[in-house]
Each structure stands twice: as C-alpha cells, then as structure tokens.
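Structure assessment
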Amino acid sequence: MNWLYNNWMKATPFLAVYSFILVFLYVRDVNYPLYLIWLQGIIYWTHEFEEYIFPAGFLKFFNHYMMGSTQEEYPMSKIGSFWINIPLVYIAMPASAILAHFFGLKWGLWTAYFSFLNAFSHVVMWLIFGRKYNPGLVVSVVLNIPVAIYTVWFFLANHLVSGTANVMSIIVGILAQASMMIYGFGYLKPLLKKEQAK
C-alpha cells in the first residue's frame, strides 16, 4: 500500500490522455452527452496532475494555508489524499459514466456539478489568500469550470434529464464535495488543533 500512497497520482497523465483519445474517437460522435460526462473525470485527472505532479505542492498548500500547519504533509497526508481521491475520482466518476451508458444519462450529470464545485473552491482559495496560486487553480479555471457549466447547460437546454434527476445530480455533487470538506475541516483541522494544544 505504501507504493500506492506515494505513486497513485502518477497515473493521472496517462489516464487523462488515453481516456480522452478513446472517448473522442469512439464516444463523441456516437453519444455526445455521454462524451461530456466522460470528460468530467478526464478533466479531473488533469486537475490532479496539476495538484500532485506539475507544478504539484497541493498538500503543502492545503496544510499550510487551509489547516494552519507548519508541516508539509500533516494533517493531510499522502494516505489521506489517496483515500479521498481514489474512491471518488478513480472509481465513482468512471462508474457513473458507465452507468450513464447503460442506464441513462441521469446517472452521470452529478460529476459536472461536483467538478464545478471543487474547481470553484480553488478560485475561492485564490481570493481568500491574497490571489496566491494554489495547485489545481489553472485547470479549474481553464477546464473544470467552463466544461462543467457547458455540460449542465447542454443537458438542460436539450432536456436530456428530468427536473428531478437534475436536482438529485446537484445534491450528489454537493455531497461529494462536502465529503472532502468534512474530512478536511471536520476531522483534520480539529485533530491538528488538538495536537497543537498539547
């Protein structure tokens, strides 16, 4: 497991590039809305490339600015980052695209809402901390936010999901983002404060 904790993020460029080639060639012209759903995960892998590979430094930024820690990998560690990202980004997002293919587009729309919310949090961090760059910001602004907004617009403009399905997608997207925030601010920050109080 230690190898995975230290190297999981190195898969992001390969997953993003090869997945994009496949969906562009074989999904885009056949099922454009499904292509947009697949793009959410592909863009998120690109987003993680910026966070963890180049220029990297997201853990250091998060721990220092968001948690108030003097350590680069505490309280958020590589282990914590693994367990946040793998279930959600490597499993849930691709699984939703697969479910959308077999059982209807409504299964995948939440990924666009989640992608937007997570990317928007990077913009908020940029504003809060004096317009200081945080790893993930560039892809958030250039890809996550505009593609997510376009996806939601395309789905609603073309009546591809019901109003109920759209509301459920919003709720799931919010819950997915909230799970990350709860782990960070509901568990890690109190843990750090407890350690600092000793």
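Right, let's walk through the structure included here. Per chain, residue numbering runs from 1 following the sequence as it is written. This being a predicted model, a pLDDT of at least 70 is required before a residue's local features are given, and a value of 80 or more before pairs of side-chain atoms are given or counted; all residues contribute to the totals for chains, interfaces and linings. Each side-chain value is derived from all of the structure's non-hydrogen atoms; neither hydrogens nor water enter the calculation.

Below, the discussion takes up the overall build of the protein. Here a strand is any run of E in DSSP of at least two residues, a helix any run of H or I of at least four, and the numbering for each starts at the N terminus. Along the protein, the regular secondary structure elements total eight helices and zero strands. The globule rule is 2.2 Å times the number of residues to the power 0.38, and the radius of gyration it is compared with is taken over C-alpha atoms. On C-alpha atoms alone, the protein measures out to a radius of gyration of 17 Å, which is about the 16 Å that the 2.2 N^0.38 rule sets for 198 residues. Reported as C-alpha extents along the three principal axes, the dimensions of the protein are approximately 60 × 35 × 30 Å. Considering the protein as a whole, with its 198 residues, one finds that 45% of them fall into the buried category. Two residues qualify as a contact provided that any one of their heavy atoms is within 4.5 Å of a heavy atom in the partner residue. For the protein, contacts bridging at least 24 residues in sequence account for 74% of all contacts bridging at least 6. Per-residue and other accessible areas follow the Shrake-Rupley method at a 1.4 Å probe size, with only the shown protein chains counted as cover for residues. Looking at the protein as shown, the accessible area adds up to about 10,500 Å², and 71% of this sits on carbon and sulfur atoms. Distance from the positive charge centre (11 side chains) to the negative charge centre (7 side chains) of the protein: 7 Å. Each residue is placed in one exposure class: buried if its accessible area under a 1.4 Å probe, protein chains only, is under 20% of its type's maximum, exposed if it is over 50%, and partly exposed if it falls in between. The convention is simple: Lys and Arg are positive, Asp and Glu are negative, and His and the chain ends are not counted. To locate a charge, the coordinates of NZ of Lys, CZ of Arg, CG of Asp or CD of Glu are taken.

A few words on the packing of aromatic side chains. Ring geometry is summarised as follows: Phe, Tyr and Trp rings, the Trp one being its six-membered ring, pair when their centres sit within 6.5 Å, and such pairs are stacked at plane angles under 30 degrees, edge-to-face over 60 and tilted between the two. Applying the stated rule across the entire model yields 21 aromatic pairs. Seen from their ring centres, F82 and W83 are 5.0 Å apart, and the 85 degrees between their planes marks the pair as edge-to-face. Accessibility expressed as a relative area gives 6% for F82, which makes it buried. Here the aromatic residues W8, W45, Y52, F58, F62, Y90 and F185 are joined through ring pairs into a cluster of three or more.

Attention now goes to unusual backbone geometry. Put simply, F54 and P55 share a cis peptide bond, and its omega is 0 degrees. Here P55 shows up in the loop between α3 (32-52) and α4 (58-66). Phi angles above zero are rare outside glycine, and R131 is one such case at about 55 degrees. For R131, a relative accessible area of 55% translates into the label exposed. A positive phi is found at H159, a non-glycine position, where the angle reads about 55 degrees. Along the chain, H159 turns up in the loop between α7 (137-157) and α8 (163-197). Residue class for H159 comes out exposed when judged on its relative accessible area of 68%.

Turning to the packing of α3 against α7, a few remarks are in order. Across the interface, α3 lies against α7 with an axial gap of 10 Å and an inter-helix angle of 165 degrees. By the criterion of interaxial angle, the relationship of α3 to α7 is roughly antiparallel. Where α3 crosses over α7, the two elements pack in a sense that is left-handed. Where α3 abuts α7, its residues Y32, P33, L36, I37, L39, Q40, I43, Y44, T46, H47 and E50 lie against L137, V138, V139, S140, L143, N144, V147, A148, Y150, T151, F154 and F155. Think of each axis as a best-fit line through the C-alpha atoms, taken over the contacting stretch in the case of a helix, with angles from 0 to 180 degrees between the N-to-C directions. Small angles under 35 degrees read as roughly parallel and large ones over 145 as roughly antiparallel, with 65 to 115 read as roughly perpendicular and the rest as oblique. By definition, any crossing whose near helix is turned counterclockwise from its far helix by less than a right angle is left-handed, and any crossing with a clockwise turn is right-handed.

What follows is about the packing of helix α5 (residues 78-103) against α8. Their axes nearest at 11 Å, the elements α5 and α8 cross at an angle of 170 degrees. Classed by the angle they form, the pair α5 and α8 counts as roughly antiparallel. Residue-level inspection shows G80, I84, N85 and L88 of α5 in contact with α8, the latter providing A176, M180 and Y183. Ten residue types, Ala, Val, Leu, Ile, Met, Phe, Trp, Tyr, Cys and Pro, are classed as nonpolar, four, Asp, Glu, Lys and Arg, as charged, and the remainder, Gly among them, as polar. When the residues that make up the contact of α5 with α8 are grouped by side-chain class, the tally is five nonpolar, two polar and no charged.

Here the focus is the nonpolar core. In this structure, W8, L39, L88, V89, L109, F114 and F155 are the most contacted members of the largest nonpolar core, which totals 51 residues. When contributions to this core are tallied by element, the ones reaching two or more residues are α2 (12-26), α3, α4, α5, α6 (110-128), α7 and α8. Looking at which element gives the most residues to this core, the answer is α3, with ten residues. Contact partners of W8, with chain neighbours within four places excluded, come to E48, Y52, K78, S81, F82, N85, I86 and Y90. For this analysis, a nonpolar core means a set of buried residues of the types Ala, Val, Leu, Ile, Met, Phe, Trp, Tyr and Cys, connected via side-chain atoms within 4.5 Å.

Looking now at the side chain of S96. As for its placement among the helices and strands, S96 is situated in helix α5. We call two N or O atoms a polar contact when they sit within 3.5 Å, provided that within protein one can donate a hydrogen and the other can accept it, with sequence-adjacent residues counted only if both atoms are side-chain atoms. Separated by 2.9 Å, the side chain of S96 and the backbone oxygen of A92 make a polar contact. Excluding anything up to four places from it in sequence, S96 contacts W107, G108, W110 and T111.

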